[in-house]
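# Structure assessment
One-letter residues, chain by chain:
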Amino acid sequence: MSQKFLEKGYEIVEHTKKADIYIINTCTVTNMSDRKSRQMLRRAKILNKDAIVVAVGCYAQVAKNEIEQIPEIDLVLGNDEKVNIVQYVEKYIKESNAQNNETINTGNKIQDVMQSKEFAEFGDVTYTEKTRAVIKIQDGCDRFCSYCIIPYARGRVRSRKPEHIISEIEKIAKEGIKEVVITGIHIASYGKDFRSGKEIENEKEIQGNKQYRLIDLLEEINKIEGIQRIRLGSIEPLLITKEFLDRLIKLEKVCHHFHLSLQSGCNETLKRMNRRYTIEQFQEIVKNIRKYYKDAVLTTDIIVGFPGETEEEFSKTYNFLKNIKFYKMHIFKYSQRKGTKAATMPNQVDGNIKEERSKKLLELSDKNQKEYNKRYIGKEVEVLFEEQEGKYYKGHTKNYIEIKCETNENLQNEIKKVKCKKLDSDCIIAEI
Ligand code: SF4
C-alpha cells in the first residue's frame, strides 16, 4: 500500500510523525490485536486532528460495525479494497471537500471477502527485507481451525497467477535479490482454486493430479537466474508427501528449512482444534523429510492452554515434542478469539497454567537449538549475509541457522563460506 501511494507522488513518513493521511493496516488474529488496532487508530487522530484516518485490513473486515463506532476514523476499507487504496482515499477527500469539509463517512467499503474468487493482484511489490524478498502467492484459507478467525478475514483460497509470480521474481532477481520467501495464508492450498468443478480435499490427490500446484510453481522459480535460495513459509504438514519430496529434492535452490505448523502433539487436542492430521501422520512426515534432507531444520508453532487441554494432554504434547526435536518452536498461549468455535468451548485454561506450559516448551526449544547448533562447531557453512549488528555481520545458512562473523567488511547480500567456531545464545559465531 505504501508503494501505491509512493507511485502517486505521496511521501511516506514514520507512523509516529504528523501526516495528512494515516492508513492503519489492522490485525484481528487475537482479541489483543483488535485492541491494539483500535489504539493505533485513535492515536493517529491525536497526532493530527485534521488528518484522514483510514482503517483497512482484517479487523476492519470482520468487525466493520464495531470499528465504525470509533469517532476518530474517517474511512473503513476491507482486505479486497487494499489494491485500490489510493483511489478510495482520493475519492473520500474529493467527496468530503465537496460537502464543506464535514468529516463524514462517505466511502466506507467492505466487500464480502467470503465471496471473493480471484487473488487481488497488487502488481509487483518490491517488499524486501535487506536481502530477501517475501513473495505472496495466495490468499485465504479453507481450513477453519476452531481457534482461528483468518478464514473469515481473508476469505477462501485464491491463488495468484503463476505468470505474475514468476515475472515479479525475475524482476527482483535482476535487482540483485538472492533469496525469496514463498508466503501466503495457506500455501499448501496453492492452485486448488485453479481447477474448476470438484474441490480436492485429499492432499494425496492434490499431489497426484495434473493440476498446477505449489510444487509446479517451485520448479519454475528454481529455474530463475540470479535467485539462489527459495525458502518456504509456514506449511501445512500434510502437503509433504513422498511424491512432493521426490520432486522437491531435485530443486537445488530450495532451503532445507521447513516450518511445519503442528499446534499440538496430542491427538485429542488436535481434534478439538480441527487440525486434520494425527501425531502419527506428523511423525511419518518428519521421518520422510529427515530421510530426504539430512541437514533439515524443522521449526514449528505450538499453542498451549487450548480449551480442555488437561495435564495429561499437555504431557503428551511435551513428550511428542521432546521426541521430534524441533530446532525452534514458537509458543503461543491460547487466547480466546471472539467469533471462533474455540472461544465458546468449555474448560478454558487458567492463565498461570498457560504461562507454566509455555515456559516449559520454550526451555525445550532453547535446548534443542543449542544441541543442534553444537553439531556445526568446527564445520564450514555457506552464509547469506544480511546486516551489521554491532561488531558482527549477521546472516543465515540455507537451513536457517543464524551465523555471526566479526568483520568490518560490508557483506550485505554476499554468500560466503565460513567456519563455525563457537555457540552464542541462539546463534553461532564463525570466522570468514
Ligand atoms: S490453516 Fe492456518 S490460517 Fe487456516 S484456519 Fe487453520 S490456523 Fe487459520
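If you're wondering where the values come from, they're calculated on a predicted model, not measured in any experiment. (Residues numbered from 1 in each chain as written. Predicted model: local features only at pLDDT ≥ 70, side-chain atom pairs only at ≥ 80, totals over all residues. Heavy atoms only, no water.)

### Quick look at the pairing of strand β14 (residues 402-406)
Here β14 lies mainly inside the structure; four of its five residues are buried. Here strand β13 (residues 392-397) pairs with β14 via five bridges, running antiparallel. What sits directly across from Tyr392, in β14, is Glu406. What sits between the antiparallel neighbours β13 and β14 is a turn of four residues, in which Tyr400 has the positive phi angle 70°. With three bridges connecting them, β14 and strand β16 (residues 427-431) associate as parallel partners. Bridged to Lys404 within β16 is Ile429. (Buried < 20%, exposed > 50% of the residue type's maximum accessible area, 1.4 Å probe, protein only. Helix = DSSP H or I, 4+ residues; strand = E, 2+ residues; numbered from the N terminus. Pairing = 2+ DSSP bridges.)

### Notes on the environment of Asp246
Within the element layout of this structure, Asp246 appears in helix α10 (residues 242-248). C-alpha of Asp246 to C-alpha of Arg42: the two residues are 204 residues apart in sequence and 52 Å apart in space. There is a polar contact of 2.7 Å between the side chain of Asp246 and the side chain of Tyr292. (Polar contact = N/O pair within 3.5 Å; in protein donor to acceptor, adjacent residues only side chain to side chain.)

### Brief notes about the nonpolar core
Judged by nonpolar contacts, the single largest core of 66 residues is most densely connected at Val180, Ile182, Ile221, Phe258 and Ile289. The residues contacting Ile221, other than those within four sequence positions of it, are Ile165, Ile166, Ile169, Val180, Ile182 and Ile230. (Core = buried A, V, L, I, M, F, W, Y, C linked by side-chain atoms within 4.5 Å. Contact = heavy atoms within 4.5 Å.)

### Overview of the side chain of Arg143
Assignment of secondary structure puts Arg143 in the loop between β5 (138-139) and α6 (150-154). A distance of 3.4 Å separates polar atoms of two side chains, one belonging to Arg143 and the other to Glu236.

### A short note on the packing of helix α7 (residues 162-174) against helix α9 (residues 214-222)
Between α7 and α9, the least distance of the axes is 10 Å, while the angle of their chain directions is 30°. Between α7 and α9, the angle falls in the class roughly parallel. Once α7 is placed against α9, the crossing between them reads as right-handed. Where α7 approaches α9, its residues Pro162, Ile165, Ile166 and Ile169 are matched on the opposing element by Leu217, Glu220 and Ile221. Its residues assigned to classes, the contact of α7 with α9 comprises six nonpolar, no polar and one charged. (Axes fitted to C-alpha atoms, helices over the stretch in contact; angles between N-to-C directions. Parallel < 35°, antiparallel > 145°, perpendicular 65-115°, else oblique. Left-handed = near helix turned anticlockwise from the far one by under 90°. Nonpolar A, V, L, I, M, F, W, Y, C, P; charged D, E, K, R; others polar.)

### Some words on the side chain of Arg160
Mapped onto the elements, Arg160 comes out in the loop between β6 (158-159) and α7. A residue is classified by how much of its surface remains accessible, and Arg160, at 3% relative accessible area, is buried. Of the polar contacts made by the side chain of Arg160, one reaches the side chain of Glu121; its length is 3.0 Å. A polar side-chain atom of Arg160 sits 2.8 Å from a polar atom in the side chain of Glu168. For Arg160, the residues in contact, after removing those within four places along its chain, are Phe119, Glu121, Gly123, Asp124, Ile135, Lys136, Ile137, Gln138, Ile165, Glu168, Tyr190 and Phe194.

### Side note on the sheet that holds strand β7 (residues 179-183)
Taken together, the three strands give an open sheet; going across it, the order is β4-β7-β8, and neighbouring strands pair in parallel fashion. Here the strands that pair on one side only, and so sit at the sheet edges, are β4 (132-136) and β8 (229-232). Between one strand and the next, the sheet's axes are offset by a mean angle of 25°, whatever the strand orientation. Across five bridges, β4 lies against β7 in parallel orientation. Its bridge partner lying in β7, Arg132 is registered against Glu179.

### Focus on the sheet that holds strand β10 (residues 297-304)
Strands belonging to one sheet form pairs held by backbone hydrogen bonds; the direction of such a pair is parallel or antiparallel. Read across the open sheet, the three strands follow the order β9-β10-β11; overall the sheet is parallel. Lying at the two open borders of the sheet, with one neighbouring strand each, are β9 (257-259) and β11 (328-333). Averaged over all neighbouring strand pairs, the angle between strand axes comes to 15°, with direction disregarded. Across six bridges, the pairing between β10 and β11 is parallel. Residue pairing in the sheet places Thr299 in a bridge with Lys328 of β11.

### Digging into the domain arrangement of the protein
Domain parsing of the protein yields domain 1 (2-111), domain 2 (115-255) and domain 3 (380-431). Every contact between the two is made by 11 residues of domain 1 and, on the other side, 13 residues of domain 2. Among the residues domain 1 hides against domain 2, the three largest losses belong to Gln3, Asp80 and Val83. Together they make up 42% of the total. Applying the counting rule to domain 1 against domain 2 returns one salt bridge. Taking the shortest distance from any N to any O, the salt bridge between Arg158 and Asp80 comes out at 3.6 Å. (Domains from an automatic or database assignment. Buried area = accessible area lost by both parts, 1.4 Å probe. Salt bridge = Lys/Arg side-chain N within 4 Å of Asp/Glu carboxyl O.)

### A short note on the environment of Phe385
Structurally, Phe385 is set in strand β12 (residues 380-389). When its relative accessible area of 0% is taken as the criterion, Phe385 is described as buried. Residues Phe385 and Glu312, 73 residues apart in the sequence, show an inter-C-alpha distance of 44 Å. The residues contacting Phe385, other than those within four sequence positions of it, are Thr131, Tyr393, Lys394, Gly395, Cys405, Leu411, Gln412, Asn413, Glu414, Lys416 and Val418.

### With respect to the pattern of salt bridges
If you walk through the whole model with that rule in mind, you get 36 salt bridges. In this structure, Glu311 and Arg357 form a salt bridge, with 3.0 Å as the shortest nitrogen-oxygen distance. Here Arg357 lies in helix α14 (residues 351-374) and Glu311 lies in helix α13 (residues 311-324), a separation of 46 residues in the sequence. Note that Lys325 and Glu371 form a salt bridge whose closest N and O atoms lie 3.7 Å from each other. Of this pair, Lys325 sits in the loop between α13 and β11 while Glu371 sits in helix α14, placing them 46 residues apart in sequence. Taking relative accessible area as the criterion, Glu371 reaches 35% and is therefore assigned partly exposed. Through salt bridges with shared partners, a single network forms among Arg132, Glu179, Arg229, Arg231 and Glu386.

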